[in-house]
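# Examination of the molecular architecture
Chain by chain, the residues run as shown.
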Amino acid sequence: AVSGDKDGQDAQGDKLGTEGQDEDEDPRIGLLEKGWFHKKRCLDVGCNEGVMTLGLVKKFKTETMMAIDLDESLIKRACVNLRKARSAAAAEHAASQQAQQHPKRRKLAKQTMKSLSQTWFVHGNVLASKVEPNSFDCITALSVTKWIHLHSGDGGIRYFFSKVCDLLAPGGKFICEPQGWRSYKSAVAKVKRGGAGAVADTSYFGRLHELTLRPEDFADVLANEFGLRLSRELRVAGGSEGKKKKKRGFEDRTMYLFVKTR
């Protein structure tokens, strides 16, 4: 399914602050910049239960956010999370008005409420989506390329990248967090043990040897074939928080920021 890793997005906390970094905020959010999302049209591919998506919306105040996942049960939970977030934002906005809090605080509360009102979770396959070209200023694909690759092969991952390029407006940002090749092998082993449910015969779980592309090739493919220039590498730092972050599964992954150049 086109959804995030269980050791990644599903392991996120429920408390995502609107300002600064909450102690339970996904550590990856701290690596992202406001200018990539603020008042921008955004798409989150493989949104899982929507926790990361909502964290982005609330922290950076997106203009619009569409989030898509192939797993209908995850989208249903994401919609529940969205309703809770909207209710909390409305309550915060009302409280800020009644208490006559600082104007900046009232403005932020209003912006959060507005951004959440322009957020949608969609059940579907991004590869089959029919969206107008140049519809988004920023697209995120966090811990999802492995699943697209395993289900659709080298051709499928290339088609996904072409789709991203088509959907991005000129100068738009693509933030991608590929899983490593070892993670592919773990997914295949899980399927062989019968622990990942049924997979289609057309998938590559039983034909891993047929995949010639590797995650480390993605940056070159995006640049040379689709005009998406690698701008920056973003990695969760270690240090005193290392043990906590290791449990969340992000310490051995890097996010890549690409910019559409053509």
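Residues numbered from 1 in each chain as written. Predicted model: local features only at pLDDT ≥ 70, side-chain atom pairs only at ≥ 80, totals over all residues. Heavy atoms only, no water.

## Some points on the overall build of the chain
A tally of helices and strands in the chain yields 7 helices and 7 strands. Secondary structure elements in the chain, listed N-terminal to C-terminal, are β-α-β-α-α-β-β-α-β-α-α-β-α-β. Split into buried and exposed, the 262 residues of the chain put 49% on the buried side. For the chain, the proportion of contacts with a sequence separation of at least 24, taken over those separated by at least 6, is 78%. Summed over its atoms, the accessible surface of the chain is roughly 12,700 Å², and 50% of this surface lies on carbon and sulfur atoms. (Helix = DSSP H or I, 4+ residues; strand = E, 2+ residues; numbered from the N terminus. Buried < 20%, exposed > 50% of the residue type's maximum accessible area, 1.4 Å probe, protein only. Contact = heavy atoms within 4.5 Å. Areas by Shrake-Rupley, 256 points an atom, 1.4 Å probe, with all protein chains shown as cover.)

## Quick word on a positive patch on the surface
Judged by side-chain charge, Lys-34, Lys-39, Lys-104, Lys-107, Lys-110 and Lys-114 come together as a positively charged surface patch. Checked against the element boundaries, Lys-107 lands in helix α3 (residues 103-117). (Patch = residues over 30% accessible without salt bridge, like charges linked within 9 Å, V, L, I, M, F, W, Y side chains within 5 Å. Salt bridge = Lys/Arg side-chain N within 4 Å of Asp/Glu carboxyl O. Lys, Arg positive; Asp, Glu negative; His and termini not counted. Charge placed at Lys NZ, Arg CZ, Asp CG, Glu CD.)

## A few points about unusual backbone geometry
We note that Asn-134 has phi near 60°; this positive angle belongs to a residue other than glycine. With respect to the helices and strands, Asn-134 occurs in the loop between β3 (119-123) and β4 (136-142). Given the relative accessible area of 37%, Asn-134 is considered partly exposed. Phi at Ser-143 is positive, roughly 55°, even though this residue is not glycine. Relative to the helices and strands, Ser-143 is located in the loop between β4 and α4 (145-167).

## Considerations on the pairing of strand β5 (residues 168-177)
Of all 10 residues that make up β5, 7 are buried, and the element is covered over most of its length. As paired strands, β4 and β5 are joined by 6 bridges and run parallel to one another. Bridging across to β5, Leu-142 finds its partner in Glu-177. The parallel pair β4 and β5, bridged by α4, forms a crossover whose chirality is right-handed. (Pairing = 2+ DSSP bridges. Right-handed = clockwise from strand over helix to strand, strands pointing away.)

## Some words on the packing of α4 against helix α5 (residues 181-192)
One can describe the packing of α4 onto α5 by two numbers: an axis separation of 11 Å at closest approach and a directional angle of 60°. One finds that α4 runs oblique with respect to α5. Note on packing geometry: the crossing formed by α4 with α5 is right-handed. In this structure, α4 uses Thr-145, Lys-146, Trp-147, His-149 and Leu-150 to contact α5, whose residues at the interface are Ser-183, Tyr-184, Ala-187 and Val-188. Looking at the contact of α4 with α5, its residues break down into 5 nonpolar, 3 polar and 1 charged. (Axes fitted to C-alpha atoms, helices over the stretch in contact; angles between N-to-C directions. Parallel < 35°, antiparallel > 145°, perpendicular 65-115°, else oblique. Left-handed = near helix turned anticlockwise from the far one by under 90°. Nonpolar A, V, L, I, M, F, W, Y, C, P; charged D, E, K, R; others polar.)

## Considering the state of the cysteines
Within the structure shown, the criterion is met by 0 disulfides. Among the cysteines around Cys-79, which has no disulfide bond, Cys-47 carries the closest sulfur, lying 8.6 Å off. (Disulfide = S-S within 2.5 Å.)

## Quick word on the sheet that holds β4
Read across the sheet, 7 strands follow the order β3-β2-β1-β4-β5-β7-β6 without closing on themselves; strand pairing throughout is mixed. Strands with a single pairing partner mark the edges of an open sheet, and in this sheet they are β3 and β6 (228-235). Ignoring which end each strand starts from, the neighbouring axes of this sheet average 15° apart. Both strand β1 (residues 41-45) and strand β2 (residues 64-69) contribute to a ladder of 5 bridges, which runs parallel. For Val-45, the partnering residue across the bridge sits in β2 and is Ile-68. Running over the sheet, α4 touches β1, β4, β5, β6 and β7 (254-260) and is turned about 155° from β5.

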